[in-house]
Amino acid sequence: MIQRVGVIGGGQLAWMMAGAAKQLDLELIVQTPHADDPAVGVATEVILAPVGDAQATGRLAQKCDVITFENEFVDLEALFYLKNQGVRFAPSLESLKPLLDKYHQREYLASIGLPVPLFTALVDPTEPLDFTFPLVLKARRHGYDGQGTFIIKSSDELINTYNQLKSVPLLIEEFIPYTQELAVIAARNDSGEVVVYPVVETQQKNQVCHRVIVPAQVSLKIQSQVEDLSRHLLNELQAVGVFGIELFLTPDETILVNEIAPRTHNSGHYTLDACKISQFEMQLRSVAGLPLGTANLNCDAAVMVNLLGYEEAHHDYAEKRKTLASIPNAYVHWYGKTESRPGRKLGHVTVKATGNQANYSKLLKIADTIENLWYS
Ligand code: ADP
């Protein structure tokens, strides 16, 4: 029986998982580099070490029954050594292997028949390319919140950005003129049970997610395509855990997969308040071998707005948080980070809606109100 769950990474995702661990009577032991990381104060025990430090993960393994991930920037080769010593990982290292490098991930997704944008590895930016501008240049590893993703409009810009990035392995892909960005959270357990949460719309600015609206305003056909591809992916991977799947909806109503995160995901934060079982509880249920339960909403609709840093400061923004919390049906989550930087995820607000309030344009207005309050 699983009692103690190790988590590689101690940021806000592990912090949100801690609440669910308590409910399920599980202990959470995190490996994270800084004593002021969000999950440090709520974990049963902490290994203070970088996420990529596999020796520290060896020490983590001694304290728990299974290890899961809130962060995929791990040294996979070194973790395989631990696996061969009997350490249990969920998701398995085999299921993470094709996903950690964006180029390998695209190749893998295409190989299992999932639709992806046209892509290629970039070796020499002065060589002729089969892509028209704009195109998208991406660092193959360690990208997050749009860091490492560049929309490139000319070959000069391509060469300049390539030179700035120096020796980082890169890929390029076609720019998708999407009509919507969609996402979905899906989970699978050891018994092969799969659940898929509702399809959401995500809204990005400068490649960073600002808002999530659930359910997405898409046809039943798109919803069932997304559900089918999520099931197919998790079954192919023999995945155990929660996965975030980011998608593009094209003008001709085609779905393309943008990216898979082998963990809980920002696009699923609404599940904490707006679903019967949150994505964090779902991950723990999955890695602990429990039945998954329902991925249904507990309301008709919701909007989640990220509270992103907009200045360099040490500030807890208590007044603003109080004002946000006074919005009807709002749930404010504050990650307790002591330092604010532009673009840093400091917290989020979810507003639930039912009946005639569960209306797309009303939800967008609420998101505007939250952003006006927060960024003023
Ligand atoms: P990250 O790993 O940092 O989240 P992504 O690859 O998901 O990076 O890209 C971040 C954002 O950049 C996407 O949500 C989307 O808005 C934009 N983007 C990424 N790839 C493309 C593409 N091929 N075409 C158009 N926009 C893209």
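Just above sits the structure.
Treat the numbers as computed from the prediction; the structure is a model and nothing was measured. (Residues numbered from 1 in each chain as written. Predicted model: local features only at pLDDT ≥ 70, side-chain atom pairs only at ≥ 80, totals over all residues. Heavy atoms only, no water.)

1. Some details on the overall build of the chain
And step 1. If you tally the helices and strands in the chain, you get 11 helices and 17 strands.
And step 2. For a compact globule of 376 residues, the expected C-alpha radius of gyration is about 21 Å, and the chain comes in at 20 Å, within 12% of that figure.
And step 3. Each of the three principal axes of the chain carries a C-alpha extent, and together these read 55 × 55 × 45 Å.
And step 4. Of all intrachain contacts in the chain linking residues separated by at least 6 positions in sequence, the fraction that spans at least 24 positions is 62%.
And step 5. Of the roughly 16300 Å² that the chain leaves accessible, carbon and sulfur atoms contribute 49%. (Helix = DSSP H or I, 4+ residues; strand = E, 2+ residues; numbered from the N terminus. Rg over C-alpha atoms; globule rule 2.2 N^0.38 Å. Contact = heavy atoms within 4.5 Å. Areas by Shrake-Rupley, 256 points an atom, 1.4 Å probe, with all protein chains shown as cover.)

2. Comments concerning the nonpolar core
Proteins that are soluble and globular tend to have nonpolar side chains buried together.
And step 1. Grouped together as the largest cluster of nonpolar side chains are 28 residues, with contacts concentrated most on Leu 182, Leu 233, Ile 245 and Val 257.
And step 2. Of all the secondary-structure elements, those providing two or more residues to this core are helix H5 (102–111), strand E9 (180–188), strand E10 (194–196), helix H7 (220–237), strand E13 (241–249) and strand E14 (255–261).
And step 3. It is H7 that provides the largest number of residues to this core, a total of 6 residues.
And step 4. Beyond its immediate sequence surroundings of up to four residues, Leu 233 is in contact with Tyr 108, Leu 109, Ile 112, Leu 114, Ile 245 and Ile 260.
And step 5. Core analysis: the next-biggest nonpolar cluster, separate from the first, contains 23 residues, Ala 21, Val 30, Phe 280 and Tyr 335 among them. (Core = buried A, V, L, I, M, F, W, Y, C linked by side-chain atoms within 4.5 Å. Buried < 20%, exposed > 50% of the residue type's maximum accessible area, 1.4 Å probe, protein only.)

3. Some details on the pairing of strand E11 (residues 200–205)
Residues in a regular strand point their side chains to alternate faces of the sheet.
And step 1. Two strands pair when backbone bridges link them, and E9 and E11 are joined in this way by 3 bridges, in the antiparallel orientation. Bridge pairing in E11 links Leu 182 to Glu 201.
And step 2. Across 5 bridges, E11 lies against strand E12 (residues 208–214) in antiparallel orientation. Each bridged residue has a counterpart across the sheet, and for Lys 205 the counterpart in E12 is Val 208. (Pairing = 2+ DSSP bridges.)

4. Here's the deal with the environment of Phe 150
And step 1. Among the structural elements, Phe 150 can be located in strand E7 (residues 149–152).
And step 2. Look past the residues within four positions of Phe 150 in its chain and what remains in contact with it is Leu 135, Val 136, Leu 137, Thr 161 and Leu 165.

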